[in-house]
Amino acid sequence: MDIKLENMSGERNGDVLIRQMLAEILTGLKIKLVQPVLEENNKIAGQLKDLQEQEQKDIAALKENLAALDVRMQQLPLVILTALRDAINQVGEGNQNED
């Protein structure tokens, strides 16, 4: 930004010069400091969104696995009882064959 001082009084020149310099400083700050931070924040926000979506998928899969495990756990007593019955029947059949 070029500083223009043509046909202005001394005091007015100073005010214009200060405003122009402040505008240049603020523009530079925005470009070099604020803009990179905003871009990095947007990048991090995108990564966070991806992580949240993956977390939701993982939680859904975990819930499915827990439900399947719950079904298996409910069937476990039946499996144990069936195994005991079969074992008793086999022992009983062995005793009958010996007679």
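Residues numbered from 1 in each chain as written. Predicted model: local features only at pLDDT ≥ 70, side-chain atom pairs only at ≥ 80, totals over all residues. Heavy atoms only, no water.

1. What to know about the overall build of the chain
- The number of helices and strands found in the chain is 1 helix and 0 strands.
- Residue burial in the chain is summarised as follows: out of 99 residues, 3% are buried.
- Carbon together with sulfur atoms contributes 58% to the accessible area of the chain, which is approximately 9,200 Å² in total. (Helix = DSSP H or I, 4+ residues; strand = E, 2+ residues; numbered from the N terminus. Buried < 20%, exposed > 50% of the residue type's maximum accessible area, 1.4 Å probe, protein only. Areas by Shrake-Rupley, 256 points an atom, 1.4 Å probe, with all protein chains shown as cover.)

2. Some thoughts on a nonpolar patch on the surface
- On the surface, L62, L66, L69, M73, L76, V79, I80, L81, L84 and I88 cluster together into a nonpolar patch covering about 990 Å² of accessible area.
- Residue position: L84 is located in helix α1 (residues 10-98). (Patch = residues over 30% accessible without salt bridge, like charges linked within 9 Å, V, L, I, M, F, W, Y side chains within 5 Å. Salt bridge = Lys/Arg side-chain N within 4 Å of Asp/Glu carboxyl O.)

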